[in-house]
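A look at the structure
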Amino acid sequence: MKNRVMAKIAVSVAAVALAATFTGCSSSGSSGGGSEHPLTIGMPNGPQTNNSNPFMATSAASSLGYAWVIYEPLTQWNPTQPAKDPKPWLAKSWKWNDDFTSVAITARDGVKWSDGKPFTAKDIAYTLKLIKDTPALNGNAIPYKDISVSGDTVTATFDSSQLLNQTKVLGTWIVPEHIWSKISDPTKNTNQKPVGTGPYTLKTWSQQVVTLERNNSYWGGKPPVPELRYTSYTDNNAQLTALLSGASQWSYVFIPDIEKTYVSKSKTNNSYQPTGLGIDALFLNTQKAPFNNVAMRQAANMVIDREAVHTQGYSGFKGLVDTVTGLPSPAGDAFTAPEYKGKKATVDVAGAKKVLTEAGYTWKSDKLIDPSGNPVKVTFIDPAGWSDYLASLQIMSDNLAKIGVESSVETPTVDSWTTAVGAGDFQATLHWTNTGATPWDIYSNIMDGTQLKPLGEAASWNFGRFDSPQATTLLADYAVNPDASARQDDLNKIEKIFVEQVPAIPMAAGPLGAEFSTKYWTGWPTKDNPYAASQPTQASAPMILMNLKPVK
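These numbers were taken from a predicted model, which means no experiment stands behind them.

**Looking at the overall build of the protein chain**
The secondary structure content of the protein chain amounts to 17 helices and 23 strands. Seen through its C-alpha atoms, the protein chain measures out along the principal axes to roughly 75 × 55 × 45 Å. For the protein chain, the proportion of its 552 residues judged to be buried stands at 56%. In the protein chain, the proportion of contacts linking residues at least 24 apart, taken out of those at least 6 apart, comes to 70%. Counting only carbon and sulfur atoms, one obtains 51% of the accessible surface of the protein chain, whose full area is about 21800 Å². Placing the 47 positive and 48 negative side-chain charges of the protein chain at their respective mean positions leaves the two points 6 Å apart.

Here it is, written out as structure tokens:
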């Protein structure tokens with residue numbers, strides 16, 4: 001992303017860009033082939049409830065990804081190519097001031113809501129105000145200040161520089177004021193008749209399949225795929241079976257030995273798994289025993305076998321993260337502090353026992369006893385059906401047994417897990433971080449005190465409740481400091497806190513990928529044409545759908 005101001009984009013230029021983006025989008029109209037075939041989309045997320053609220057992480061719309069083809073963001077940003085500028089979407093242009101405390105957003109012309117009402121700048125302003133005034137909806141903790149409208153332009157100001165949050169602000173999806181202003185509690189409403197600007201509208205909803213149909217008045221042209229059918233499968237194995245049979249044509253699911261298990265089974269089976277600056281990490285609850293003791297966190301970090309997790313838990317599906325800083329290589333190499341360059345996390349059981357002994361831990365019949373005289377027990381949690389996470393947790397459980405820790409793995413539903421993690425009702429869980437243009441998102445998600453919530457109160461990030469005023473200050477400074485050298489100095493100190501205090505244990509580089517079939521539709525993102533993140537649950541879903549072409 002450019003450092004200073006995003007210049008306004010002329011309407012004619014935007015139109016040319018959109019034409020290029022949507023090349024080949026129209027259905028051929030020929031009989032048979034892909035042009036009349038629905039696209040089936042699946043996720044291994046278990047039972048769903050009829051909830052299409054895009055703001056709720058537990059809603060079916062969010063879980064399956066169809067929220068993104070009904071509602072659209074202001075811009076499209078590709079997290080697999082983080083340095084590139086966003087593309088205009090519902091915003092036809094935008095301009096930041098010099099210190100990134102204000103942005104002027106101009107609404108796209110000629111856009112309608114799916115109920116026929118015109119989309120205007122007032123809808124943008126309403127959505128931003130809704131997020132500002134409803135902390136539960138402000139998952140990125142954007143410090144909105146004032147929001148005003150003048151003609152077709154919305155101006156939003158902020159309490160601090162949003163240099164690092166540009167893509168988050170401009171990635172906000174917009175909801176219609178004439179609908180949502182009548183909703184008494186947007187954090188609970190199930191929004192069963194969603195109205196959006198996207199290329200598809202909700203047709204029917206059932207536990208078996210959620211069906212969407214073309215929005216024939218879509219501002220970007222006629223969507224090529226006539227119908228989308230979303231299904232939530234019980235687990236990873238069920239989702240893989242559906243992909244292999246052709247019942248599911250687009251998904252993001254963990255597949256062991258993916259080339260042999262899936263790709264090689266058909267010439268139309270494809271996988272594209274790009275990564276960004278985001279990771280999977282074992283989040284540790286630093287406010288609850290046993291991980292409220294830094295020595296226990298350090299010891300766990302020293303005995304967990306990352307290579308075993310990579311090869312056995314993830315079956316090599318995700319990239320190994322074994323750097324002590326938790327930064328994936330090579331994406332994070334340029335950001336690594338000099339003292340940690342080339343340093344890898346290795347298994348050291350003897351060293352872990354030494355750390356524990358010095359902190360007052362003892363052993364009784366090979367069971368680890370904490371300084372208060374209690375046996376150390378750990379419960380890992382992740383959702384039922386997430387086989388890669390659960391296999392990885394079992395490896396970690398076996399690893400902890402080497403230092404006398406009794407542990408178990410629990411498998412709640414996705415909804416229960418999401419609620420528990422948000423409320424801090426856990427000891428350890430595998431979770432992902434955001435992906436950004438710098439490592440700030442990784443460390444902020446894990447360590448940022450601005451997102452620190454008391455136990456029992458829902459947190460959007462910093463699920464482990466790590467409380468370090470120094471890390472919080474450094475993250476804040478890094479986010480606004482225009483001097484590259486000074487920012488790297490801040491990052492070096494952030495990395496030192498992360499390495500020494502172990503608020504979480506890095507495990508894998510999270511791919512933003514997908515499995516997809518080219519039997520009926522082509523035009524998917526690939527290594528040779530990485531125009532979007534390929535997951536069906538990403539904001540780029542409408543861009544991908546409008547780029548598909550039928551196979552004749």
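That was the structure; now back to the text.
**Some words on the nonpolar core**
Residues Leu39, Tyr66, Leu212, Leu228, Trp250, Leu282 and Met447 are the most contacted members of the largest nonpolar core, which totals 152 residues. Ranked by residue count, the leading element in this core is helix H4 (residues 121–133), at seven residues.

**A short note on the sheet that holds strand S21 (residues 514–517)**
On the basis of which strands lie adjacent, the open sheet formed by seven strands has the order S8-S9-S10-S1-S11-S21-S12 and mixed pairing. What marks the edges here is a single partner per strand, and that holds for strand S8 (200–205) and strand S12 (269–272).

**Focus: the pattern of salt bridges**
If charged atoms from side chains of opposite charge come close, those side chains can pair. Tallied over the entire structure, the rule returns 11 salt bridges. Here Glu227 makes a salt bridge to Lys203, at a shortest N to O gap of 3.5 Å. Of this pair, Glu227 sits in strand S10 (residues 227–232) while Lys203 sits in strand S8, and the two are 24 residues apart along the sequence. Its relative accessible area of 14% is what places Glu227 among the buried residues. The partner of Glu227 in a salt bridge is Arg229, with the nearest N and O atoms 2.5 Å apart. Sharing partners across several salt bridges, the network here consists of Lys203, Glu227 and Arg229.

**So, the sheet that holds strand S13 (residues 275–284)**
The sheet built from six strands is open, its strands ordered S14-S20-S13-S19-S17-S18 with mixed pairing. Both outer strands of the open sheet, strand S14 (319–320) and strand S18 (406–410), are each paired with one neighbouring strand and no more. For strand S17 (residues 377–381) and S18, the ladder comprises five bridges, and the chain directions are parallel. When the sheet's bridge partners are listed, Thr379 is paired in S18 with Ser408. Where helix H13 (residues 414–423) meets the sheet, it contacts S17 and strand S19 (428–432), and its direction lies at approximately 100° from that of S19.

**Things to note about H4**
Across its 13 residues, H4 extends 18 Å between first and last C-alpha, which sits within 8% of the 18 Å expected from 1.5 Å per residue. Along H4, the residues that are buried comprise Ala121, Asp123, Ile124, Ala125, Tyr126, Thr127, Leu128, Leu130 and Ile131. Looking at the buried residues of H4, the elements they touch are strand S5 (102–107), strand S6 (144–150), strand S7 (153–158) and helix H6 (177–180).

**What about empty space enclosed by the protein?**
Counted under the stated rule, the structure contains two cavities of 30 Å³ or more. When its volume is computed, the largest cavity comes out at roughly 40 Å³. Every residue lining the largest cavity is listed: Gln48, Leu64, Trp205, Ser206, Gln207, Val209, Val210, Tyr230, Thr231 and Ser232. Of the residues forming the lining of the largest cavity, the biggest block, three residues, is contributed by S10. Of the residues that constitute the lining of the largest cavity, the class distribution is five nonpolar, five polar and no charged.

**A look at the side chain of Thr325**
Within the fold, Thr325 resides in the loop between S14 and helix H11 (349–358). Classification of Thr325 by relative accessible area gives buried; the value is 1%. If we ignore the near neighbours within four places in the chain, the residues touching Thr325 are Thr336, Tyr340, Tyr443, Glu495, Phe498 and Val499.

**Focus: the environment of Ala509**
Relative to the elements of secondary structure, Ala509 occurs in strand S20 (residues 504–511). Overall, the relative accessible area of 7% leaves Ala509 in the buried class. Here Ala509 is in contact with Thr275, Gly278, Ile279, Lys318, Gly319, Val321 and Pro328, once residues within four sequence places are set aside.

**Focus on the packing of helix H14 (residues 440–447) against helix H16 (residues 484–501)**
Where H14 contacts H16, the axes come no closer than 11 Å and their chain directions differ by 45°. Comparing the axis directions of H14 and H16 gives the class oblique. Between H14 and H16 lies a crossing whose hand is left-handed. Packed against H14, whose contacting residues are Tyr443, Ile446 and Met447, the element H16 presents Leu491, Ile494, Glu495, Ile497 and Phe498 at the interface. Residues of the contact of H14 with H16, tallied by class, amount to seven nonpolar, no polar and one charged.

**Brief notes about the environment of Asp99**
Examined against the element boundaries, Asp99 turns out to sit in the loop between strand S4 (91–96) and S5. Residues Asp99 and Ser161, 62 residues apart in the sequence, show an inter-C-alpha distance of 6.0 Å. Separated by 3.0 Å, the side chains of Asp99 and Asn97 make a polar contact.

**Thoughts on the pairing of S21**
Burial of the side chains of S21 extends over both faces: Ala514 and Phe516 are buried on one face and Glu515 and Ser517 on the other. As defined by bridge partners, strand S11 (residues 250–251) adjoins S21 across two bridges and the pair is classed as antiparallel. What sits directly across from Ser251, in S21, is Glu515. As defined by bridge partners, S12 adjoins S21 across four bridges and the pair is classed as antiparallel. Its bridge partner lying in S21, Asn270 is registered against Phe516.

**Brief notes about the packing of aromatic side chains**
This structure, assessed with the given rule, holds 22 aromatic pairs. A ring pair is formed by Tyr252 and Phe317, whose centres lie 6.2 Å apart and whose planes are at 35°; its orientation type is tilted. Here Phe317 lies in the loop between helix H10 (306–313) and S14 and Tyr252 lies in the loop between S11 and helix H8 (258–261), a separation of 65 residues in the sequence. Grouping residues by exposure puts Tyr252 and Phe317 together as buried. Here the aromatic cluster, defined as three or more aromatic residues joined through ring pairs, consists of Tyr314, Trp386, Tyr389, Trp417 and Trp432. Directly above the aromatic system of Tyr478 lies the positively charged group of Arg487, at a separation of 4.7 Å from the ring centroid.

About the criteria used
Residues numbered from 1 in each chain as written. Predicted model: local features only at pLDDT ≥ 70, side-chain atom pairs only at ≥ 80, totals over all residues. Heavy atoms only, no water. Helix = DSSP H or I, 4+ residues; strand = E, 2+ residues; numbered from the N terminus. Buried < 20%, exposed > 50% of the residue type's maximum accessible area, 1.4 Å probe, protein only. Contact = heavy atoms within 4.5 Å. Areas by Shrake-Rupley, 256 points an atom, 1.4 Å probe, with all protein chains shown as cover. Lys, Arg positive; Asp, Glu negative; His and termini not counted. Charge placed at Lys NZ, Arg CZ, Asp CG, Glu CD. Core = buried A, V, L, I, M, F, W, Y, C linked by side-chain atoms within 4.5 Å. Pairing = 2+ DSSP bridges. Salt bridge = Lys/Arg side-chain N within 4 Å of Asp/Glu carboxyl O. Axes fitted to C-alpha atoms, helices over the stretch in contact; angles between N-to-C directions. Expected span 1.5 Å × (residues − 1). 1 Å grid on protein atoms, 1.4 Å probe; cavity = no way out; pocket = protein on both sides within 12 Å on 5 of 7 lines; lining within 4 Å. Points joined across faces, edges and corners; volume = space filled by probe spheres on them. Nonpolar A, V, L, I, M, F, W, Y, C, P; charged D, E, K, R; others polar. Parallel < 35°, antiparallel > 145°, perpendicular 65-115°, else oblique. Left-handed = near helix turned anticlockwise from the far one by under 90°. Polar contact = N/O pair within 3.5 Å; in protein donor to acceptor, adjacent residues only side chain to side chain. Phe/Tyr/Trp six-rings, centres within 6.5 Å; stacked < 30°, edge-to-face > 60°. Lys NZ or Arg CZ within 6 Å of the ring centre and 35° of its normal.

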